[in-house]
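Coordinate analysis (summary)
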Amino acid sequence: MINLKKIEMTYDDHGTKINALKLKELQVKDGEKVAFIGSSGCGKTTLFNLISGMLTPTKGNVIVEDIDITTLTESERDLFRANHIGYIFQDFNLFPDFTVLQNVVLPMSFSKRYSKNEMEKEALSMLKRVGLENKKDQKVKTLSGGEKQRVAIARSIVNKPNVILADEPTGNLDYKNGAKIMDLILQIAKEEKATLLVITHNNSQLELFDRSINIEDLNEAIK
Amino acid sequence: MILQFIKTNILSKKLKNFLTIFAIMISLTLIICIQNISSQLVSNVENQTKEYDLIVGKTGSGIGLALNSIFYYGVPEGNIDINYLEKLSSNKYVKKVVPIGMGDNYRGYKIIGTTPNYFSGDLYKLADGRFIENEQEAVLGSTIAKKGNMKIGDKFKSTHGLGGATEEAEDEDEHHHHDFEYTVVGILEPTNTPNDTVLFTTIETLWHAHGLHHDEDEDHDEHEHNDEEHEEEHEHEEEVEENKVLSSHAIGGAKEEIEDSTALITALLIRAKDMSSQTMLYNELSNDNNVQVIIPNQALREFLNYIKIFTIVITLIASVSVIISIIMLFITMLTSSIEQRKDTSILRALGASRGTIFVINICQMLVLAIIGVILGCILSHVLIAIIGNYIVTNYGLYMSGLVFQKEEVFAMLITILLSLLAGIIPALMVYKTDATKYLK
Ligand SMILES: Nc1ncnc2c1ncn2[C@@H]1O[C@H](COP(=O)(O)OP(=O)(O)OP(=O)(O)O)[C@@H](O)[C@H]1O
Ligand SMILES: [Mg+2]
């Protein structure tokens, strides 16, 4: 369960205040698959960063998995993020000089969930699920865009997160690949019984989700 | 995995990291080399000169006499009258006087003729056998024994001339071999001094080798030195012809007549009874125009001063180079910290704390600094060994690549510390990065 109450997010950009987001209420139930839409700059990424604890709201509370993360210290939030949130980005945000396997193993050192021996085994089984076990020792920079995003999907679930946040995951892929990746994300989220939040500009994908939310309509800061 | 991350991260930016390591390595090498070499030179000189207060030799260059009689370096100016040995032995200011003669070599290593009391004092320690007592006995420097695989009881023949390492390879037939044999009675412990590369025998043995006495044949008219093979002493040889003095000497108990009294005492090493004796002796001998007297410390002070000034200059240059390379490092780290903002943001999104990221950055810096320092240490000692080898063969001053000094460890630690300091500001910048700005 994700629960945001009376959220306000104001950026301070060298003294100038930017009101990016103001929400009365937003709730997402466990296991729900929600698509977020809205024009550029309407605050979608800001919302995700609030849910993951990368940002703390200027006002209001963010409750994820019954934890009010606004009450946590920064390092507690980091640990929370490592254990509960899986991130997938438009730009993949992998380490190109690292191998596929190394990229997937990396977040495990922050979650403190696995012992050293388990890490590689677990990462390999994740790679199997996205169909990349045969490329485990290849450097990420040698992969295609679709393959990169599959590595990122594998990486997002190694720590068994309850929430998967995907910020325009198909934005850098062609139509065919994008569709495949979106299917994979939905399938993996289902298998993991994770709550899935996806930001997308592709309206044809909306029917794949339980519901879609237009942040532009919700965000009182831009009205 | 974090270590793995650091490793892969360093390896993925090979060129930049190589330059950083290279800069640290070169500046440290410079500092270590100059400090190490100069302190080895200085301690070498100081160690070797502390045994004697005065050196008497043929008039000429003071430094030349000091280098020749203390480091066995170069060709002596000539020989002095044997009367001086006798006169000084009975001088009330003198505690100990030791003659030194040279003129022969064994495979290019100088044979030093002296008296058994040369070895009193703590400069000489035996690895095996005993010190010389009788004629035709030899004590070997450790290097010679090792290279020639020689042991106590071995016999060898000497060659005329002062040798020098370069002669070693020459055709031995061209040299005049003395036809009697030396017996090895002792081998010195390695000392890292010029003593490692000379042989010692009694000074009478040298005289004997040169047919100067012991023949009981007092009418021995011309001594049969072949002038052509006597190049080093050629100049002095002419003098000898006009300058024959009959004298006696009191070494080994036997008083023997020698016709060529000026042969083969190249220097007298003197230990005075005390400070004032030293002054008295010095004044006394300074008035004698036939010889020069030097205070080894003083004679070499000029030499040492050159070394010291040289050291200071090079150390300054090296320090500037260290500072420049640290600044370079700082800039490298700064630019890479900007590049690293994105990497940092990704790590943060994956759940890494700011602390972890700070540690990763500092560790990367530390790894580069330590690699640079270790390489610098290795490179500098290889260089010292090479330079040392050159100095040994050319100047007789001993230098080893295996001498480590605490100043070096200090320089290494300082370098690592400075690198860390240079790394801290960029690492702090990364630490403060707002991760959400760089993720898309
Ligand atoms: N770190 C920041 N500092 C200052 N202003 C910011 C920052 N991040 C976002 N903003 C501002 O907040 C507003 C919302 O930005 P956000 O990135 O959430 O939009 P978005 O809906 O994700 O847009 P897009 O679809 O283009 O990704 C924008 O006006 C943006 O300029
Ligand atoms: Mg966005």
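See the structure above.
Let me begin by describing the structure that accompanies this report. (Residues numbered from 1 in each chain as written. Chains lettered and ligands numbered in written order. Predicted model: local features only at pLDDT ≥ 70, side-chain atom pairs only at ≥ 80, totals over all residues. Heavy atoms only, no water.)

Describing the overall build of chain A
The criterion, for reference: Starting at the N terminus, helices and strands are each numbered in turn, a helix being any DSSP run of H or I of at least four residues and a strand any DSSP run of E of at least two. Type-normalised accessible area, obtained with a 1.4 Å probe on protein chains alone, sets the label of each residue: buried when under 20%, exposed when over 50%, and partly exposed for intermediate values. Only heavy atoms matter for contacts: two residues are in contact if any of them lie within 4.5 Å across the pair. Working definition of accessibility: Shrake-Rupley area with a 1.4 Å probe, residue cover restricted to the visible protein chains.
Tallying secondary structure elements over chain A gives eight helices and nine strands in all. Counting the 223 residues in chain A, one finds 54% classified as buried. Put simply, of all contacts in chain A between residues at least 6 apart along the chain, 73% involve residues at least 24 apart. Surface accessibility of chain A: about 10,000 Å² in total, with carbon and sulfur atoms responsible for 47%.

Observations concerning the overall build of chain B
Looking only at helices and strands, chain B has eleven helices and twelve strands in total. Residues classed as buried in chain B amount to 52% of the 440 residues present. When contacts within chain B are restricted to residue pairs at least 6 apart in sequence, long-range pairs at least 24 apart make up 80% of them.

A few points about the pattern of salt bridges
Quick note on the threshold: Note on definitions: salt bridges are taken to be side-chain nitrogens of Lys or Arg within 4 Å of carboxyl oxygens of Asp or Glu.
Using the criterion set out here, one finds 17 salt bridges over all chains in the structure. Between A:Arg129 and A:Glu192 there is a salt bridge, with its nearest N and O atoms 2.7 Å apart. Here A:Arg129, found in helix H5 (residues 116-129), pairs with A:Glu192, found in helix H7 (residues 175-192); they are 63 residues apart in sequence, far enough to count as distant. Judged by relative accessible area, A:Arg129 falls into the partly exposed class, the value being 29%. A relative accessible area of 17% places A:Glu192 in the buried class. Taken together, the salt bridges that share partners define one network made up of A:Glu74, A:Asp78, A:Arg81, B:Arg348 and B:Arg354.

Quick word on unusual backbone geometry
Most of the time, phi is negative for any residue but glycine, and the peptide bond is trans. The phi dihedral of A:Glu65 is positive, around 55 degrees, even though this residue is not glycine. For A:Glu65, the position within the fold is in the loop between strand E4 (59-64) and strand E5 (67-68).

Notes on the pairing of strand E3 (residues 33-37) of chain A
Residues and elements named next belong to chain A. Rules: Each pair of strands is called paired provided DSSP finds at least two bridges between the two strands.
With five of five residues buried, E3 lies mostly within the body of the structure. Burial along E3 is two-sided: Lys33, Ala35 and Ile37 and Val34 and Phe36, pointing in opposite directions, are all buried. As paired elements, E3 and strand E8 (residues 195-199) share four bridges and run parallel to each other. Within the sheet, the bridge partner assigned to valine 34 lies in E8 and is leucine 197. When E3 meets strand E9 (residues 211-214), the two strands line up parallel, connected through four bridges. The partner of isoleucine 37 across the bridge, within E9, is asparagine 214.

Examining the site of ligand 1
For clarity, the threshold we go by: Working definition: residue near molecule or strand if any one of its non-hydrogen atoms lies within 4 Å of it. Two N or O atoms form a polar contact when they lie within 3.5 Å of each other; inside protein one atom must be a possible hydrogen donor and the other a possible acceptor, and for residues adjacent in sequence the pair counts only when both atoms belong to side chains.
In the vicinity of ligand 1 lie 14 residues, with A:Ser40, A:Gly41, A:Lys44, A:Thr45 and A:Thr46 positioned nearest. Chains contributing residues to the immediate surroundings of ligand 1 are chains A and B. Take A:Ser40: an N or O atom from its side chain is 2.6 Å from an oxygen atom of ligand 1. For ligand 1, whose accessible area on its own is 620 Å², the fraction buried by protein is 70%. Secondary-structure elements contributing two or more residues to the shell around ligand 1 are strand E2 (16-28) and helix H1 (44-52) of chain A. With three residues, the single largest contributor to the shell around ligand 1 is H1(A).

Digging into the side chain of A:Thr46
Residue and element names in this part refer to chain A. Residue position: threonine 46 is located in helix H1. Residue class for threonine 46 comes out buried when judged on its relative accessible area of 8%. One polar contact links threonine 46 to tyrosine 11, side chain to side chain, over a distance of 3.0 Å. Among all residues touching threonine 46, those that are not within four sequence positions of it are Met9, Tyr11, Ala20, Leu21 and Leu55.

Quick notes on the interface of chain B and chain A
Convention followed: The classification used treats Ala, Val, Leu, Ile, Met, Phe, Trp, Tyr, Cys and Pro as nonpolar, Asp, Glu, Lys and Arg as charged, and all other residues, Gly among them, as polar.
Between chain B and chain A, the residue contacts involve 24 residues of the former and 24 residues of the latter. A salt bridge links A:Glu74 to B:Arg348, with the shortest nitrogen-to-oxygen separation between them at 3.1 Å. The interface formed by chain B and chain A contains five residue pairs in polar contact (both at pLDDT 80 or more). When residues of the side of chain B that touches chain A are traced back to their parent elements, those giving at least two are helix H1 (2-12), helix H9 (296-349) and helix H10 (354-395) of chain B. Among the elements that line the side of chain B that touches chain A, the one with the most residues is H9(B), at seven residues. Among the residues making up the side of chain B that touches chain A, the classes are represented as ten nonpolar, nine polar and five charged.

A look at the sheet that holds E2(A)
Sheet strands pair by backbone hydrogen bonding; their relative direction is either parallel or antiparallel. All names here are of chain A. Cut-off, in case you're wondering: Only C-alpha atoms enter the line fits that serve as axes; for helices the fit covers just the stretch in contact. Angles between N-to-C directions range over 0 to 180 degrees.
Taken together, the four strands give an open sheet; going across it, the order is E2-E1-E4-E5, and neighbouring strands pair in antiparallel fashion. Looking at which strands have only one partner, the edges of the open sheet turn out to be E2 and E5. Across two bridges, the pairing between E4 and E5 is antiparallel. When the bridges of E5 are listed, valine 64 appears paired with isoleucine 67. Those strands touched by H1 are strand E1 (2-13), E2 and E4, and its axis lies near 115 degrees from that of E1.

Considerations on the nonpolar core
The line we're drawing: Among buried residues, the Ala, Val, Leu, Ile, Met, Phe, Trp, Tyr and Cys ones that are joined through side-chain atoms within 4.5 Å form a nonpolar core. Where each domain begins and ends follows an automated or database-derived domain assignment.
Ranked by internal contacts, the top residues of the largest apolar core, which has 54 residues, are B:Tyr72, B:Tyr118, B:Tyr124 and B:Phe200. Breaking this core down by element, the ones donating at least two residues are helix H2 (14-49), helix H3 (62-71), strand E2 (94-106), strand E7 (177-188), strand E11 (267-272), H9, H10 and helix H11 (406-432) of chain B. Both domain 1 (2-45 + 302-431) and domain 2 (54-294) of chain B contribute no fewer than three residues apiece to this core. Residues contacting B:Tyr72, with those up to four places away along its chain left out, are B:Leu67, B:Ile100, B:Met102, B:Lys110, B:Ile112, B:Tyr118, B:Tyr124, B:Pro194, B:Asn195, B:Val198 and B:Phe200. By size, the runner-up hydrophobic cluster in this structure holds 50 residues, among which are A:Met54, A:Val64, A:Phe95 and A:Phe110.

Topic: H7(A)
Residue and element names in this part refer to chain A. Put simply, the rule reads: What a helix is expected to span follows from its residue count: subtract one and scale by 1.5 Å.
Compared with the 26 Å implied by 1.5 Å per residue over 18 residues, the 26 Å span of H7 between its first and last C-alpha is a close match. N-cap assignment for H7: the residue whose side-chain oxygen lies 3.2 Å from the backbone N of lysine 176 is aspartate 174. Directly after H7, the chain includes lysine 193, whose backbone phi takes a positive value near 55 degrees.

Notes on the packing of aromatic side chains
Residues and elements named next belong to chain B. Rules: We call Phe, Tyr and Trp rings a pair once their centres come within 6.5 Å, taking the six-membered ring for Trp, and we label the pair stacked below 30 degrees between planes, edge-to-face above 60, and tilted otherwise. Here, a charge over a ring is recorded when the distance from Lys NZ or Arg CZ to the ring centre is within 6 Å and its angle to the ring normal is within 35 degrees.
Enumeration according to the criterion identifies 17 aromatic pairs over all chains in this entry. Ring centres of phenylalanine 119 and tyrosine 124 lie 5.3 Å apart, and the angle between their planes is 80 degrees; this geometry places the pair in the edge-to-face category. For tyrosine 124, a relative accessible area of 8% puts it in the buried group. On the basis of an interplanar angle of 80 degrees and a centroid distance of 6.0 Å, the ring pair of phenylalanine 358 and tyrosine 431 is categorised as edge-to-face. Within this pair, whereas phenylalanine 358 is found in helix H10, its partner tyrosine 431 is found in helix H11, the two being separated by 73 residues in sequence. Owing to a relative accessible area of 34%, tyrosine 431 belongs among the partly exposed residues under this scheme. Each member of the aromatic cluster is reached from another via a ring pair, and the members are Tyr72, Tyr118, Phe119, Tyr124, Phe131 and Phe200. Directly above the aromatic system of tyrosine 84 lies the positively charged group of lysine 87, at a separation of 4.5 Å from the ring centroid.

Such coordinate-based values are descriptive only and should not be taken to indicate function.
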